[in-house]
Amino acid sequence: MRLKFRQPGTKVSVLNHYTLAAFKFSPATKDKSSSRAGTDQVMEKLKGKISMPLSSHGEMPRAKEGEAKGSAKSQAGARTPGQTSAVPPAAYYQPSLTAEYDEDSPGGDFDFFSNLVTKWEAAARLPGDSTRQVVVRSGVVLGRGGGAISLMLLPFRLGLGGPIGSGHQFFPWIHIRDLVGILTHALEANHVQGVLNGVAPASTTTNAAFAQALGAALGRPAFLPLPSIAVQAVYGRERAIMLLEGQKVIPRRTLAAGYQYSFPELGAALKEVVA
């Protein structure tokens, strides 16, 4: 899937959330208005393509790693040095009820999914200093018409929603407009490089708080918990970890890079999504 910003020299290759979305940008113009117009195109392509990865391990990891390597190779062969950006999940950081993670925190080596993120980031990395590279580690993406929220709406609309497991696990999230905004900011701002956490600054959100906020946005109760054993039975023990455990992730470097969030608070983000 490919599209172009309405700005000469800019190419965006959008895959999906649990893969590496590779970007190349050759700054042929500084026309910010044309780039802003292209943001809506990128967001439309991202809608429905960003979801929580609950498929089996099999071919998916190998295929996405190959796509990341292919994108990196195409960048390396480009005549004009550009930038690359990748969107692996916040699963890079180890689940914890107490730890707080920013972009400099260690991770990527404690389970299947964290190791997978590390491999994908490595596959998208380019050698040398001629290319400015950015990695965005996103949380659960909230947007209309697809993604994780689409799986939650029906039971919550019926008044059957509630926290998953204990509900105490942290729930790093981001509105789709802000994920696109961070990617766009990374493309446009030449000083931005390295890792950015693509999560909302409301980092203390727990799964229970998210369930309450979604219920409130829909005007429905949200007090029926989904037991851990049921989640494990449906998704398997390893994949269920992604729902039953979470991380408190802080976008410290994202904020320091100058990005201003459109939806920093969960209530406003959910109201826009379900409106």
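Being a predicted model, the structure only gives us computed values, none of them experimental.

A. Local environment of the overall build of the protein chain. Each helix and strand in the protein chain was counted, giving ten helices and ten strands. Split into buried and exposed, the 275 residues of the protein chain put 53% on the buried side. Only carbon and sulfur atoms are counted for the fraction: they give 55% of the accessible area of the protein chain, which is about 12,500 Å².

B. Representation of the packing of helix α4 (residues 148-157) against helix α6 (residues 207-218) within the structure. For the pair α4 and α6, interaxial distance at closest approach is 10 Å and the crossing angle is 65°. One element, α4, and the other, α6, form an angle in the roughly perpendicular class. Pair α4 / α6 crosses with right-handed handedness. Counted together, I149, M152, L153, F156 and R157 of α4 and F210, A211, L214, G215 and L218 of α6 form the full contact between these two elements.

C. A look at the side chain of R132. Note on placement: R132 falls in strand β6 (residues 132-138). There is no salt bridge for the buried R132, and the closest opposite charge comes from E188, which lies 9.4 Å off by N-O distance. From its side chain, R132 meets the backbone oxygen of L187 in a polar contact 3.3 Å long. Here A189 takes part through its backbone oxygen, which lies 3.2 Å from a polar atom of the side chain of R132.

D. Region of the structure containing α4. Among the residues of α4, A148, I149, M152, L153 and F156 are the ones counted as buried. The buried residues of α4 occupy an angular sector of 120° when the element is viewed end-on, so they sit on one face. Relative to its buried face, α4 has exposed residues pointing more than 90 degrees away, namely L151 and L154. In this structure, the buried side of α4 is in contact with β7 (140-142), α6 and α10 (266-274). Immediately beyond the C-terminal end of α4, within one or two residues, lies G159, with a positive phi of roughly 80°.

E. Quick look at the environment of F156. Position of F156 relative to the elements: it lies in helix α4. Of the residues examined, F156 reaches a relative accessible area of 6% and is grouped as buried. Counting along the chain gives 55 residues from F156 to A211, while the straight-line C-alpha distance between them is 8.6 Å. Excluding residues within four positions of it along the chain, F156 makes contact with G161, G162, A211, L214, G215, L218, R220 and A222.

F. Region of interest: a nonpolar patch on the surface. A cluster of nonpolar side chains, contributed by L154, L158, L160, F223 and L224, occupies part of the molecular surface with about 530 Å² of accessible area. For L160, the location among the structural elements is in the loop between α4 and β8 (173-175).

G. Looking closely at the nonpolar core. Counting residues in hydrophobic clusters, the biggest one holds 23 residues, and the most contacted among them are L142, I149, M152, W173, F210, L214 and L270. If sequence neighbours within four positions are ignored, I149 has contacts with L142, G143, F210, L214, L270 and V273. By size, the runner-up hydrophobic cluster in this structure holds 16 residues, among which are V134, I182, L196 and Y259.

H. Broad picture of helix α3 (residues 112-124). Taking 1.5 Å per residue, 13 residues should reach 18 Å; α3 reaches 19 Å between its end C-alpha atoms and fits that length. Of the residues flanking the start of α3, the one acting as N-cap is D111, its side-chain oxygen 3.3 Å from the backbone nitrogen of F113.

I. Inspection of the packing of aromatic side chains at higher detail. Scanning all chains against the criterion turns up five aromatic pairs. An angle of 85° between the planes, with centres 5.3 Å apart, marks the rings of Y92 and Y93 as edge-to-face. On the basis of relative accessible area, Y93 is assigned to the buried category, the value being 0%. For the pair F112 and F113, a centre-to-centre distance of 5.1 Å together with 80° between the ring planes defines the contact as edge-to-face. Residue class for F113 comes out buried when judged on its relative accessible area of 3%. Ring pairing ties together the aromatic residues Y92, Y93 and Y101, which thus form one cluster. Positioned above the aromatic ring of Y92, the side-chain terminus of R137 is 3.6 Å from the ring centre.

Conventions used here
- Residues numbered from 1 in each chain as written.
- Predicted model: local features only at pLDDT ≥ 70, side-chain atom pairs only at ≥ 80, totals over all residues.
- Heavy atoms only, no water.
- Helix = DSSP H or I, 4+ residues; strand = E, 2+ residues; numbered from the N terminus.
- Buried < 20%, exposed > 50% of the residue type's maximum accessible area, 1.4 Å probe, protein only.
- Areas by Shrake-Rupley, 256 points an atom, 1.4 Å probe, with all protein chains shown as cover.
- Axes fitted to C-alpha atoms, helices over the stretch in contact; angles between N-to-C directions.
- Parallel < 35°, antiparallel > 145°, perpendicular 65-115°, else oblique.
- Left-handed = near helix turned anticlockwise from the far one by under 90°.
- Contact = heavy atoms within 4.5 Å.
- Lys, Arg positive; Asp, Glu negative; His and termini not counted.
- Salt bridge = Lys/Arg side-chain N within 4 Å of Asp/Glu carboxyl O.
- Polar contact = N/O pair within 3.5 Å; in protein donor to acceptor, adjacent residues only side chain to side chain.
- Arc of directions from axis to C-beta.
- Patch = residues over 30% accessible without salt bridge, like charges linked within 9 Å, V, L, I, M, F, W, Y side chains within 5 Å.
- Core = buried A, V, L, I, M, F, W, Y, C linked by side-chain atoms within 4.5 Å.
- Expected span 1.5 Å × (residues − 1).
- Phe/Tyr/Trp six-rings, centres within 6.5 Å; stacked < 30°, edge-to-face > 60°.
- Lys NZ or Arg CZ within 6 Å of the ring centre and 35° of its normal.

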